[in-house]
Structures are given as structure tokens and as C-alpha cells.
2 protein chains.
Amino acid sequence: MADLNPLYRNYIACLNRRDWDALGVSVATDVRHNGRDVGLSGYRHMLECDVIDIPDLRFQIEQTVCEGDILVARLRFDCHPAGTFVGLPVNGRHVIFEECAIYRFRNTKIVDVRSFIDVPAIATQLQSNSGAIVRNAVRP
Amino acid sequence: MADLNPLYRNYIACLNRRDWDALGVSVATDVRHNGRDVGLSGYRHMLECDVIDIPDLRFQIEQTVCEGDILVARLRFDCHPAGTFVGLPVNGRHVIFEECAIYRFRNTKIVDVRSFIDVPAIATQLQSNSGAIVRNAVRP
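Here the structure is a predicted model, which is why all the values come from computation and not from measurement.

Visitor: Sorry if this is basic, but what is going on with the relation of the copies chain A and chain B here?
Guide: It takes a turn of 180° to lay chain A on chain B, together with a shift of 0.0 Å along the axis; the resulting RMSD is 0.0 Å. The symmetry that links the two subunits is that of a two-fold axis. Distance from the rotation axis, computed per C-alpha, reaches its smallest value in chain A at A:Phe116: 2.8 Å. Most of the interface of chain A is mirrored in chain B, where 100% of its interface residues are also at the interface.

Now the structure itself:
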């Protein structure tokens, strides 16, 4: 299997450029996301919606772990989601959070993505910024 | 670096046995969790609280990805959290969800853990089970 890191960096650069027409260079037409057959067009639509929801969305790679055809990335976001995000009323406030995503590649393209956003970290920041918006959002 | 998979399976078996006195076999005394210096005693306390919150908690390994001293695990949970869990009013209902955790090993022991629970998946299940408990909890 080829080194997946440069392929992944190209994919993230594409997202940060909002270069949706080039998404098919990195993502397969039959891509799955969190167990759903979204396909390339559905995946593109999801990303376009993410950028509407979070206008200053920028993907920053913190760590990658590779084995065989799998790349795991820990991503960092430092942004201002405009409204409700992952069920939380962020409403334009500044939040920093991480996501862990597991990608499976087929040759040079991503064919499967499982995404895990650290929602409790966002809840904690909202709580500390503005009182009791979210209760008990973090495990002990 | 040794194969981390058998070490990790031993750790998960220890959790599923609730064998807290053996936790130090797999976890270092200076372990960190989500960026905090919790230490072995704090880590044990966190797990003990998890089991109080989720009496039928059972860790099931779905996938591991290893590179160097890092092991990433995708874990599956099929359980009934008793009250509020990750900010959501589960209140004993049945939920199935996954967690992605990134572990760093030093020799044979875990020294750093970053945990990402799929909170939107839980929110979606609560929503479909009982109407409008959680709104807009899932990204498009």
C-alpha cells in the first residue's frame, strides 16, 4: 500500500481550498460515510453544508496513524459555528474541538469514512462561556 | 515496538471483568486522558463512574489500527445508560454507539488516551425512539 499521508494531505488541502470540483481526485464515487452510501455527490453536499454551518471551517491535521489501507486522522478545528452544531447552540461563539476520523483507501482514493467529533469538549466550552447552556455534558 | 493488539485485548478484557485491581498491568501510573493528567487512580475512578452510569457497559473491539507506539481502536457499545450520558437524557433506554480512542503505549502500558464518542448517533436514536428530545443533533 502506498504511503497514505501525502494522499491525505492533498485531500485536506482540497477541503481547505473549498475546491469541491477536485474532490473526486481524493474521494471515490462510491464513498461511504458513517455507514451510509452517500457517494461522491452526497459527500460533497455534506461538506458544502458544513462550510455553510461553519463559515471559517478549517481542517488542521494534528496526528495520523496508518496501517495497511487505513489512515486515522486526529483533526483540530478552531472556528465559529453559526447556529446549532452537533445539537449544541453554538450561535457564532468561538470553539476549539477535535475530530477523529477513520478513512479506508482503495488505491489512491478514500472509500469509507467514519467520523467522531468530540462533542463534550464543545459543550464544556459553551458551559464555561455562558453558564448553564448544557448540563452534565462531560463524563466524569 | 511489540504488537500492541494482544496488550490491548488484555486491557479490554480487564475492563469487561471490572478487574480494577489489575488495571495497572495495562495502564501506566502517569496516564493522561483527553489532555488531563489523571494518573492511574483517576483513570480507575473514571471507569468506575462509567460502570455506575452504565451498569451493562461492555467494551467490544470492532477495529484496531496500529503504527509504532500508537493503537487506535473503534469500540462498539450496546447498553442502557441509566441517566444523562454525554449530555443526553438517555434514562435507561437502549442505545448502540461507537467510540474511537487513540492510545499511546510506553513499553507495554497505556500512557495517553484520547477518546471520541459518537454522540450524534446516540442523539439520533433517542430522537427516533421518543420524538423531539434532541433537535438538530446530526450534521447533514
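Read on, since the account is not over.
Visitor: Quick question: what am I supposed to make of helix α1 (residues 4-16) of chain B here?
Guide: For an α-helix, the turn length of 3.6 residues means that residues three or four places apart are oriented alike. All names here are of chain B. Here α1 spans 18 Å end to end across 13 residues, near enough to the 18 Å set by a 1.5 Å rise per residue. Residues of α1 that are buried: Leu4, Asn5, Tyr8, Tyr11, Ile12, Cys14 and Leu15. Near the N-terminus of α1, the side chain that reaches the backbone nitrogen of Asn5, with its oxygen 3.0 Å away, is that of Asp3.

Visitor: Help me understand the side chain of A:Ser26 in this model?
Guide: Position of A:Ser26 among the secondary structure elements: in helix α2 (residues 23-26). Those residues within four positions of A:Ser26 in sequence are excluded, and the remaining contacts are A:Asn10, A:Tyr11, A:Thr108, A:Lys109 and A:Ile110.

Visitor: What's the story with the sheet that holds strand β3 (residues 60-67) of chain A in this structure? I'm lost.
Guide: Where strands meet in a sheet, backbone hydrogen bonds hold them as pairs that are either parallel or antiparallel. Residues and elements named next belong to chain A. Read across the sheet, six strands follow the order β2-β1-β8-β7-β4-β3 without closing on themselves; strand pairing throughout is mixed. The two strands at the open ends of the sheet, each matched to only one other strand, are β2 (36-37) and β3. Summarising the sheet, strand β1 (residues 27-33) and β2 pair through two bridges and their orientation is antiparallel. The residue of β2 that forms the bridge with His33 is Arg36. Packing of helix α3 (residues 39-53) onto the sheet brings it into contact with β1, β2, β7 (95-106) and β8 (109-117), and relative to β1 it is tilted by some 65°.

Visitor: In this structure, what is going on with the pattern of salt bridges? I would like to understand it.
Guide: Two side chains carrying opposite charge are able to pair once their charged atoms lie near each other. All names here are of chain A. Counted by the stated rule, this structure contains 16 salt bridges over all chains. Salt-bridge contacts for Asp21 lead to Arg44; the nearest nitrogen and oxygen are separated by 3.0 Å. On the criterion of sequence distance, the pair formed by Asp21 in the loop between α1 (4-16) and α2 and Arg44 in helix α3 is long-range, its members being 23 residues apart. A residue is classified by how much of its surface remains accessible, and Asp21, at 69% relative accessible area, is exposed. For Arg106, the salt bridge identified is with Asp30, shortest N-O distance 3.0 Å. Linking Arg106 in strand β7 with Asp30 in strand β1, this pair joins segments that are 76 residues apart in sequence. Overall, the relative accessible area of 43% leaves Arg106 in the partly exposed class. By relative accessible area, Asp30 is classed as partly exposed at 39%. Shared partners join several salt bridges into a network, and the residues in it are Asp21, Arg44 and Glu48.

The rules behind each value
- Residues numbered from 1 in each chain as written.
- Chains lettered and ligands numbered in written order.
- Predicted model: local features only at pLDDT ≥ 70, side-chain atom pairs only at ≥ 80, totals over all residues.
- Heavy atoms only, no water.
- Least-squares fit on C-alpha atoms with pLDDT ≥ 70 in both.
- Contact = heavy atoms within 4.5 Å.
- Helix = DSSP H or I, 4+ residues; strand = E, 2+ residues; numbered from the N terminus.
- Expected span 1.5 Å × (residues − 1).
- Buried < 20%, exposed > 50% of the residue type's maximum accessible area, 1.4 Å probe, protein only.
- Polar contact = N/O pair within 3.5 Å; in protein donor to acceptor, adjacent residues only side chain to side chain.
- Pairing = 2+ DSSP bridges.
- Axes fitted to C-alpha atoms, helices over the stretch in contact; angles between N-to-C directions.
- Salt bridge = Lys/Arg side-chain N within 4 Å of Asp/Glu carboxyl O.

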